[in-house]
Amino acid sequence: MKIGVISDLHIDRYNSETLKQKDFSLTLANEVSRQALDILLIAGDISNDHIRSYRFMQALEQMTGVTIYFVPGNHDFWNFSGDAKSTRDIYEYFKATKYFNDEAAIELNDEWVLVMNPAWYDYTYASERFSMERLAKREYYGGTWQDKVKIDWGMTDPEVSSKMAARAGQVLESVKDKKIILMTHVATNKAFRVPMPHRLFDYYNAFIGTSDFDSFYDTYDIRYSVMGHIHFRHQVTEGDTDYVCACLGYKREWPTEDIVHEMRHAMQVIEI
Ligand SMILES: [Fe+2]
């Protein structure tokens, strides 16, 4: 079984003549077919709007027949279509689709399961010189972390992280005899932090990842931990776990201008 992993497509970041949303779906569809993938995992941040993200997956599925699983990223919660949905409603919206389920594991075959959970940042990846109160302001050097204005969970970020981790823990407990692929959006390993000291990321690393998943790697047989959010393309092995970050990222971050090349380079393939 061939499983492709990609994240942070940000299909609506550029609405220019040179890069349209269709370019993302067509290029990704071609890559899915070229690799003969059975399953595609998208680790969040398809777009800045839940409906657009959902339609993208529908279109991709129709074009390729591939089975898609997805965890919403922080951007997918931004609600640019401006309907009345709250962050919580958008979460429920994604849960009502067949692409996302954080309440039960997906059986991939007799041995392997997929566990999906967006995870949330808990500020523990920042430099210790900042207090939690300072980080909770989500403002630094005149810049504002945009989730502050675009997302409202009705609780603090560390509380959201803790709740999401608790749910992930329940699902993992139900599949403790299985080999597990865990898919999150935010990072669950500090190796994916922006190296510090760093003028901005000493602060902004706060919003990169969570420590609430740490104990899961000792307790459960997580062979692959797939994530997005950081816009690096990285793979790290620790113990029996391969941590995979397969971010496409923003065009300005790409080494080349060529979406076909970049999509191919970003996608990682897991064979089980
Ligand atoms: Fe992103």
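Look a little higher up for the structure.
Residues numbered from 1 in each chain as written. Predicted model: local features only at pLDDT ≥ 70, side-chain atom pairs only at ≥ 80, totals over all residues. Heavy atoms only, no water.

Peer 1: Can you walk me through the nonpolar core in this structure?
Peer 2: Note on soluble globular proteins: their nonpolar side chains tend to be buried together. One finds L28, L40, I42 and I181 to be the most contacted residues of the largest nonpolar core, which totals 91 residues. Ranked by residue count, the leading element in this core is helix α6 (residues 157–173), at six residues. (Core = buried A, V, L, I, M, F, W, Y, C linked by side-chain atoms within 4.5 Å. Buried < 20%, exposed > 50% of the residue type's maximum accessible area, 1.4 Å probe, protein only. Helix = DSSP H or I, 4+ residues; strand = E, 2+ residues; numbered from the N terminus.)

Peer 1: Would you mind going over the sheet that holds strand β4 (residues 106–107) with me for this structure?
Peer 2: Across a sheet, paired strands are connected by hydrogen bonds in the backbone, their directions being either parallel or antiparallel. Taken in spatial order, the six strands of this open sheet run β4-β5-β8-β9-β11-β10, and their pairing is mixed. Only two strands of the sheet have a single partner each, and these edge strands are β4 and β10 (233–238). With four bridges connecting them, strand β8 (residues 179–183) and strand β9 (residues 222–227) associate as parallel partners. Of the residues in β9, the one forming a bridge with L182 is S225. (Pairing = 2+ DSSP bridges.)

Peer 1: Mind showing me how you'd approach the coordination of the iron ion here?
Peer 2: Under ideal tetrahedral coordination, the four donors around a metal are separated by 109.5 degrees; under ideal octahedral coordination, the six donors are separated by 90 or 180 degrees. At this site the iron ion is bound by D8 (OD), H10 (NE2), D45 (OD) and H231 (NE2), with donor distances of 2.0 to 2.3 Å. One can describe the donor arrangement at the iron ion as irregular, given that its four donor atoms subtend angles of 87 to 178° at the metal. (Donors = N, O, S within 2.8 Å, 3.2 Å for Na, K, Ca; no water. Tetrahedral: all angles 85-135°; square planar, octahedral: opposite > 155°, others 65-115°.)

Peer 1: Explanation requested: the pattern of salt bridges in the structure shown.
Peer 2: Two side chains carrying opposite charge are able to pair once their charged atoms lie near each other. Overall, the coordinates contain 16 salt bridges when judged by the stated rule. Here R223 ties to D221 by a salt bridge, and the two come within 2.7 Å at their closest N and O atoms. Ionic contacts of the salt-bridge type, sharing partners, join the residues K95, D102, E103 and R167 into one network. (Salt bridge = Lys/Arg side-chain N within 4 Å of Asp/Glu carboxyl O.)

Peer 1: I would appreciate a short explanation of the layout of surface pockets in the present structure.
Peer 2: It is the rolling of a water-molecule-sized probe over the atoms that shows where space remains empty. Of the volumes computed, that of the largest pocket is approximately 550 Å³. Forming the boundary of the largest pocket are 20 residues, of which W145, F201, H229, H231 and Y250 lie nearest the centre. Residue composition of the lining of the largest pocket, by class: nine nonpolar, six polar and five charged. There is about 200 Å³ of room inside the second largest pocket. (1 Å grid on protein atoms, 1.4 Å probe; cavity = no way out; pocket = protein on both sides within 12 Å on 5 of 7 lines; lining within 4 Å. Points joined across faces, edges and corners; volume = space filled by probe spheres on them. Nonpolar A, V, L, I, M, F, W, Y, C, P; charged D, E, K, R; others polar.)

Peer 1: Looking at this model, I keep getting lost on the side chain of T87. Mind explaining?
Peer 2: On the secondary structure map, T87 appears in helix α3 (residues 87–95). Of the polar contacts made by the side chain of T87, one reaches the backbone nitrogen of D152; its length is 2.9 Å. When residues no more than four places from it in sequence are discounted, the contact partners of T87 are F77, I151, D152 and W153. (Polar contact = N/O pair within 3.5 Å; in protein donor to acceptor, adjacent residues only side chain to side chain. Contact = heavy atoms within 4.5 Å.)

Peer 1: Where do I start with the packing of aromatic side chains in this structure?
Peer 2: Applying the stated criterion across every chain, the model contains 31 aromatic pairs. Plain terms: the ring middles of Y54 and Y99 are 5.9 Å apart, the flat faces sit at 55° to each other, and that makes the pair tilted. Pair noted here: Y54 is in helix α2 (residues 50–64) and Y99 is in the loop between α3 and β4, with a separation of 45 residues, a long-range link. Residue classification places Y54 among the partly exposed positions, given a relative accessible area of 22%. Relative to F94, the ring of F77 has its centre 6.4 Å away and its plane inclined at 85°; by these criteria the two rings are edge-to-face. Of this pair, F77 sits in the loop between β3 (67–70) and α3 while F94 sits in helix α3; the two residues are 17 residues apart in sequence, bridging distant segments of the chain. Exposure class is identical for F77 and F94. Each is buried. Just above the ring of Y250 sits the side chain of R13; from NZ or CZ to the centre is 3.7 Å. Residue placement shows K150 over the ring face of W78; its charged tip is 4.6 Å from the ring centre. (Phe/Tyr/Trp six-rings, centres within 6.5 Å; stacked < 30°, edge-to-face > 60°. Lys NZ or Arg CZ within 6 Å of the ring centre and 35° of its normal.)

Peer 1: Explain the packing of helix α1 (residues 21–34) against α2 here, please?
Peer 2: At their nearest, the axes of α1 and α2 sit 10 Å apart, and the two run at 40° to each other. Considering the angle they form, α1 stands oblique to α2. Of the two possible hands of crossing, α1 and α2 adopt the one that is right-handed. Of the residues in α2, those in contact with Q21, F24, S25, L26, L28, A29, V32 and S33 of α1 are R52, F56, L60, M63 and T64. (Axes fitted to C-alpha atoms, helices over the stretch in contact; angles between N-to-C directions. Parallel < 35°, antiparallel > 145°, perpendicular 65-115°, else oblique. Left-handed = near helix turned anticlockwise from the far one by under 90°.)

Peer 1: Looking at this structure, I do not really get the environment of V113. What am I missing?
Peer 2: You can see V113 is positioned in strand β5 (residues 112–116). By relative accessible area, V113 is classed as buried at 2%. Sequence separation between V113 and V175 is 62 residues; the distance between their C-alpha atoms is 7.6 Å. In contact with V113, other than residues within four places in its own chain, are A105, I106, E107, L108, V175, K178, K179, I180 and I181.

Peer 1: Explain the pairing of strand β11 (residues 241–246) here, please?
Peer 2: Here is the key point about a regular strand: its side chains alternate between the two faces of the sheet. Within β11, five of the six residues are buried, which leaves it mostly tucked inside the rest of the structure. By the bridge criterion, four bridges tie β9 to β11 in an arrangement that is parallel. Note on β11: the bridge partner recorded for M227 is C245. Of the strand pairs in this sheet, β10 and β11 are connected by six bridges, and their pairing is antiparallel. The partner of T237 across the bridge, within β11, is D242.

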